[in-house]
Amino acid sequence: MTELVRHMPLLQLVYASRPFGFDAGTLINILFKARSKNAAADVTGCLICRDDIYLQMLEGPAEGVARIYEKIIQDDRHVEVTELVRHEVTDRMFGKWAMRDDPVQSWMWTREEVDRGDVSRASKDDVLRVFNKLAAQPSEPT
């Protein structure tokens with residue numbers, strides 16, 4: 001007799017925010033804590049960080065993603081937190097990373113576009129395209 005295995009849907013959430021007090025030390029601290037807390041909640045994802053924008057994807061069980069996102073909203077290192085994508089998926093894009101990080105510079109929104117608010121008006125497909133491109137680039141899991 002074969003057993004039917006059901007996969008629970010995962011929540012994939014992407015938000016953008018503006019960093020407050022951005023520097024290398026702050027970023028290292030964010031990544032260290034995120035990797036630990038995400039692993040404990042079975043949440044994976046990616047943080048794209050520059051001094052003008054944080055763009056982050058969180059993916060995993062809905063409860064864990066929601067709990068982490070709520071803490072991000074309350075974190076004073078983030079200003080103007082804007083949810084861009086929230087949907088269910090069956091597969092993780094960054095399943096090998098507790099939190100991948102990348103300072104994407106050349107193929108995402110320019111500073112002028114960020115300042116104009118283009119990120120908050122971007123389509124779901126445009127936002128996911130940024131992460132799909134990054135997920136296709138090799139990197140060591142962390």
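A quick note: this is a predicted structure, and the numbers were derived from the prediction, not measured. (Residues numbered from 1 in each chain as written. Predicted model: local features only at pLDDT ≥ 70, side-chain atom pairs only at ≥ 80, totals over all residues. Heavy atoms only, no water.)

S.K.: A description of the sheet that holds strand β1 (residues 10-19) should follow, citing residues and the corresponding values.
M.R.: One open sheet holds the 5 strands; their spatial order is β4-β1-β3-β2-β5, and the pairing between them is mixed. Each edge of the sheet is formed by a strand with only one pairing partner; in this case those strands are β4 (78-89) and β5 (100-102). On average, each strand axis in the sheet is tilted by 15 degrees relative to the strand beside it, whichever way the strands run. Sheet topology note: the β1/strand β3 (residues 54-60) ladder contains 7 bridges and is antiparallel. Across the sheet, Gln12 pairs through a bridge with Glu59, a residue of β3. Relative to strand β2 (residues 44-49), helix α1 (residues 24-40) is tilted by about 170 degrees, and along the sheet it contacts β2, β3 and β5. (Pairing = 2+ DSSP bridges. Helix = DSSP H or I, 4+ residues; strand = E, 2+ residues; numbered from the N terminus. Axes fitted to C-alpha atoms, helices over the stretch in contact; angles between N-to-C directions. Contact = heavy atoms within 4.5 Å.)

S.K.: Can you break down unusual backbone geometry residue by residue, with the values?
M.R.: Phi is positive for Asp42, close to 60 degrees, though the residue is something other than glycine. Phi angles above zero are rare outside glycine, and Glu80 is one such case at about 55 degrees.

S.K.: Account for the packing of aromatic side chains, with residues named and values stated.
M.R.: Under the criterion given, the structure shown has 3 aromatic pairs. Geometrically, the ring pair formed by Tyr15 and Tyr69 is tilted, given 5.7 Å between the ring centres and 45 degrees between the ring planes. Here Tyr15 is found in strand β1, whereas its partner Tyr69 is found in helix α2 (residues 62-74), with 54 residues between them in sequence. Taking the relative accessible area as the measure of exposure, Tyr69 reaches 7% and is therefore buried. (Phe/Tyr/Trp six-rings, centres within 6.5 Å; stacked < 30°, edge-to-face > 60°. Buried < 20%, exposed > 50% of the residue type's maximum accessible area, 1.4 Å probe, protein only.)

S.K.: Lay out the pairing of β3 in plain terms, naming residues and giving numbers.
M.R.: Across the 7 residues of β3, 7 count as buried, placing the element largely inside the fold. Residues Tyr54, Gln56, Leu58 and Gly60 of β3 are buried on one face, and the alternating residues Leu55, Met57 and Glu59, pointing to the opposite face, are buried as well. Note: β2 against β3, 6 bridges, orientation antiparallel. Residue pairing across strands places Ile48 opposite Leu55, the latter belonging to β3.

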